[in-house]
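Residues per chain, in single letters:
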Amino acid sequence: MKIRISDVSSALAPESLEVRADKERSERIKSSVMEKIGEKAPKRSHKPFKTVLIAAAIAAALCVSAGAVAHLSIQYHDINNDEGVTDHWVDYDKDNNIIMEDDISFPDAKFTFSFQGPEYPEGPDLELKANWLPSKPTGHSYFDRFDRDKDLVELEDGYALDKWVIYITDDGYNLEIPDAKIKELPYIISVSRISCNLNYILQGYTEVIKDEMHEQWHILELKTDYTDCGADGCFKDNTAYYFYAVNESDGTKISISGTDDMETLEKIAKNLEIREADFEPEENCPVAYSERKYVMADIGRG
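These figures come from a predicted structure and were not determined experimentally.

Visitor: Any chance you could explain unusual backbone geometry here in plain terms?
Guide: Its identity as a non-glycine residue notwithstanding, asparagine 96 has a phi of 70°, on the positive side. Position of asparagine 96 relative to the elements: it lies in the loop between strand S4 (85-92) and strand S5 (98-106). The phi torsion at asparagine 197 lies on the positive side, around 70°, for a residue other than glycine. By the secondary structure assignment, asparagine 197 is in the loop between strand S11 (187-193) and strand S12 (199-202). In this structure asparagine 197 comes out as partly exposed when scored by relative accessible area, which is 28%.

Here is the structure:
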């Protein structure tokens, strides 16, 4: 099945992403220089966008009783064999040329889940802003870079990030300590369009905490225990939580996962804003679309 590249990369650790130049900052510098030399600075064209106030919608969804009719269903599968699952991955460029093809094995897979339903038409890219975070976001990659002095607001009980970004994460790195190791990954927040019928893999023992429909929002909450699960990586002795909210009207998918508890992840969700992105798609990414049946959902497994 064809899937969007955002579904492949949404749970990757930030260090696996290439850092590129900040286009918006470059435009500001260029504009300032041209004004100083007497030329009329070119104006950046803005395409129309709309802001979705997710905060009120998610807060209502998490505070009222379930009962709406769902158009999407969620399927689960516990994997009880020692071989895990295998898949055949193919990546294509914009001209439909194959740029990667390989058989991929997930020997440590313990649990899969998928959102079953009709495919949604592709819409504009999305970006988000967080009005409450439990800890300082790291913000050291191209996709969630921000100015700590200007964009990060300290609150009585946490922080707010007053900037629109593609995703937000506290990845557990202490930037003041060289060669610091990840012991926890408090949160990763992302928003994308859902790819239905795609199987998400978790490599720990997973419990479904909530699977409910509220108005147009389908809420899924999972708890995954990585203790003695056989999976490698820095979270093998930790518990992680996974929160998903899917809007059935337009296919918007909010993903919040981390080693912070579910109550904390829910509070993050209640304080999010989402809008259609005010940026141009990345032209340097060679992958236009992919054919895959399985992708990893585990945090930090880049």
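Visitor: What is the right way to read the sheet that holds strand S15 (residues 239-247) from this model?
Guide: Adjacent strands of a sheet pair through backbone hydrogen bonds, lying either parallel or antiparallel. Read across the open sheet, the six strands follow the order S10-S11-S16-S15-S14-S13; overall the sheet is antiparallel. Two strands lie at the open edges of the sheet, namely strand S10 (167-170) and strand S13 (205-214), each paired on one side alone. This sheet shows a mean twist of 15° between the axes of neighbouring strands, independent of strand direction. With six bridges connecting them, S15 and strand S16 (residues 252-258) associate as antiparallel partners. Paired with tyrosine 244 across the bridge in S16 is serine 255. The strands touched by helix H4 (residues 262-270) within the sheet are S11, S13, strand S14 (217-225), S15 and S16, with S15 carrying the most contacts at an inclination of about 30°.

Visitor: What is the right way to read the environment of leucine 161 from this model?
Guide: The topology assignment puts leucine 161 in strand S9 (residues 159-165). Assessed through its relative accessible area of 1%, leucine 161 is described here as buried. Each C-alpha atom, one on leucine 161 and one on lysine 129, is 6.4 Å from the other, the two residues being 32 residues apart in sequence. Those residues in contact with leucine 161 that sit more than four places away from it in its chain are Lys129, Ala130, Leu133, Phe146, Asp151, Leu152 and Ile168.

How each quantity is defined
Residues numbered from 1 in each chain as written. Predicted model: local features only at pLDDT ≥ 70, side-chain atom pairs only at ≥ 80, totals over all residues. Heavy atoms only, no water. Helix = DSSP H or I, 4+ residues; strand = E, 2+ residues; numbered from the N terminus. Buried < 20%, exposed > 50% of the residue type's maximum accessible area, 1.4 Å probe, protein only. Pairing = 2+ DSSP bridges. Axes fitted to C-alpha atoms, helices over the stretch in contact; angles between N-to-C directions. Contact = heavy atoms within 4.5 Å.

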